[in-house]
Amino acid sequence: MTVTQFPVPVSSRMAAVRGSAIRDLLTLTARPDVISLAGGLPAADLLPRARIAEAVAEALTDPAAVQYGETAGSARLREVLAAHESARQHRPLQAGEVLVTSGSQQALDLVARATLDAGDPVVVEDPAYVGALQVFQAAGARLVPVPVDAAGMRVDELADRLAAGLRPRLVHTVSTFHNPRGVTLSDPRRRELARLADRYGFLVVEDDPYGLLAFDGAPPVPVAAHGTRVVRLGSASKVLAPALRVGWLTGPAEVRAAVERLRQGADLCGSTLTQLVAAELLADTAWFDAHLARLRAAGAARAAAFTGAVAELLPGVTCSAATGGMFCWLEFPAGTDTAAALPAALEAGVGFVPGSAFAVDGGLESAARCCFASHPEGVLRTAVQRLAAVLTGRPT
């Protein structure tokens with residue numbers, strides 16, 4: 001009897017979904033001899049493990065902590081997040097206007113699935129957050145790149161394209177301490193982006209996991225404060241702990257309702273336990289403010305150490321100014337191929353993400369993203385020394 005060997009079915013959309021060079025690098029950079037500047041990982045030494053343990057113990061006194069929860073998220077956490085977002089957005093929000101997700105990445109995926117049809121144009125920044133590219137490619141969107149400069153997305157160029165007939169369904173921006181460029185969208189551009197959304201009818205997806213990590217303690221006013229056509233994504237991963245997997249979104253009621261229905265089919269609900277833990281930590285404002293102050297001070301010191309080492313040891317390399325967040329963007333002299341140099345860098349004991357990993361339509365070969373947040377100052381200097389030895393050919 002002949003048995004037909006049928007191929008295992010995989011959606012045709014998957015052909016357009018690129019892998020994440022960053023996630024792939026995590027395996028290589030996990031070696032103890034490699035100083036990784038690649039992943040956007042918060043510093044392990046700054047994660048509040050003891051305070052989380054206290055909150056877990058407290059949460060477990062409530063039987064609901066180990067039970068299924070509401071799809072939209074725990075009522076207590078949504079109340080806390082509504083107060084948090086009301087302060088950030090400079091307008092009152094109710095708990096019912098907040099939807100909790102398993103990290104902001106799930107929120108982005110659900111928003112894309114809820115709003116996009118195959119072929120819809122989506123404006124993305126170039127260079128772009130890799131996780132956003134994967135989400136929009138999986139949704140079958142047509143990506144329209146808009147460049148990023150020192151003041152964030154070139155909203156003026158977007159305006160020109162809109163005037164010429166572009167009609168995107170979504171415009172995605174990592175508005176504050178951009179991943180990967182490290183820059184922040186200026187306030188005039190935020191206002192103009194919200195105005196363009198109202199004029200042309202698209203939704204802005206404001207992805208903001210880093211805003212609270214402003215070194216001066218003054219996060220910029222969100223795009224969502226300037227208009228109603230903004231879906232705003234937040235996350236506890238960078239300010240509490242990634243393992244809690246707590247994210248959230250606010251935005252138009254129609255989007256929230258569609259996302260909630262989709263989530264019912266995705267994972268029913270998130271972890272009630274970690275949501276109660278996050279609620280406890282975020283509601284303890286005295287502790288949380290002090291914790292943020294520690295994160296900001298450490299981040300500022302580490303950014304200064306990294307950028308100072310780059311200026312000293314990598315002459316001719318342009319490094320973005322770090323005023324918050326986790327990343328610096330390096331631009332090497334023309335002709336440098338950072339992807340080609342990566343194997344030698346790993347052999348020398350340092351990892352980074354080549355700029356080409358963030359390019360929408362190719363290019364950025366001479367750039368690299370480096371995360372300064374994960375290591376103390378001395379380790380960062382050693383990492384730059386190793387990077388300089390590989391990319392300049394000179395011992396340091």
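A brief structural summary. (Residues numbered from 1 in each chain as written. Predicted model: local features only at pLDDT ≥ 70, side-chain atom pairs only at ≥ 80, totals over all residues. Heavy atoms only, no water.)

## Things to note about the overall build of the chain
- Broken down by element type, the chain carries 12 helices and 14 strands.
- Judged by the C-alpha coordinates and their principal axes, the chain covers about 70 × 60 × 50 Å.
- Sequence separation of at least 24 residues holds for 73% of the intrachain contacts in the chain that already meet a minimum separation of 6.
- Here the chain contributes 36 positively and 39 negatively charged side chains, and the mean placements of these two sets differ by 1 Å. (Helix = DSSP H or I, 4+ residues; strand = E, 2+ residues; numbered from the N terminus. Contact = heavy atoms within 4.5 Å. Lys, Arg positive; Asp, Glu negative; His and termini not counted. Charge placed at Lys NZ, Arg CZ, Asp CG, Glu CD.)

## Some words on the sheet that holds strand S14 (residues 367–371)
- Across the sheet, which stays open at both edges, the four strands sit in the order S10-S11-S14-S13 with antiparallel pairing between neighbours. In this open sheet, the two strands that pair with only one neighbour each are strand S10 (318–319) and strand S13 (353–354).
- Across two bridges, the pairing between S10 and strand S11 (residues 327–331) is antiparallel. Along S11, the bridge assignment pairs Thr 318 with Glu 331.
- Docked against the sheet, helix H10 (residues 285–313) engages S10, S11 and S14, running at close to 10 degrees with respect to S11. (Pairing = 2+ DSSP bridges. Axes fitted to C-alpha atoms, helices over the stretch in contact; angles between N-to-C directions.)

## Remarks on helix H4 (residues 103–115)
- Its 13 residues place the ends of H4 19 Å apart at the C-alpha level, agreeing with the 18 Å of an ideal helix rising 1.5 Å per residue.
- All of the buried residues along H4 are Gly 103, Ser 104, Gln 106, Ala 107, Leu 108, Leu 110, Val 111, Ala 112 and Thr 115. (Expected span 1.5 Å × (residues − 1). Buried < 20%, exposed > 50% of the residue type's maximum accessible area, 1.4 Å probe, protein only.)

## Quick notes on the packing of aromatic side chains
- Inspection of every chain in the model, using the stated rule, returns four aromatic pairs.
- Directly above the aromatic system of Trp 287 lies the positively charged group of Arg 51, at a separation of 5.6 Å from the ring centroid. (Phe/Tyr/Trp six-rings, centres within 6.5 Å; stacked < 30°, edge-to-face > 60°. Lys NZ or Arg CZ within 6 Å of the ring centre and 35° of its normal.)

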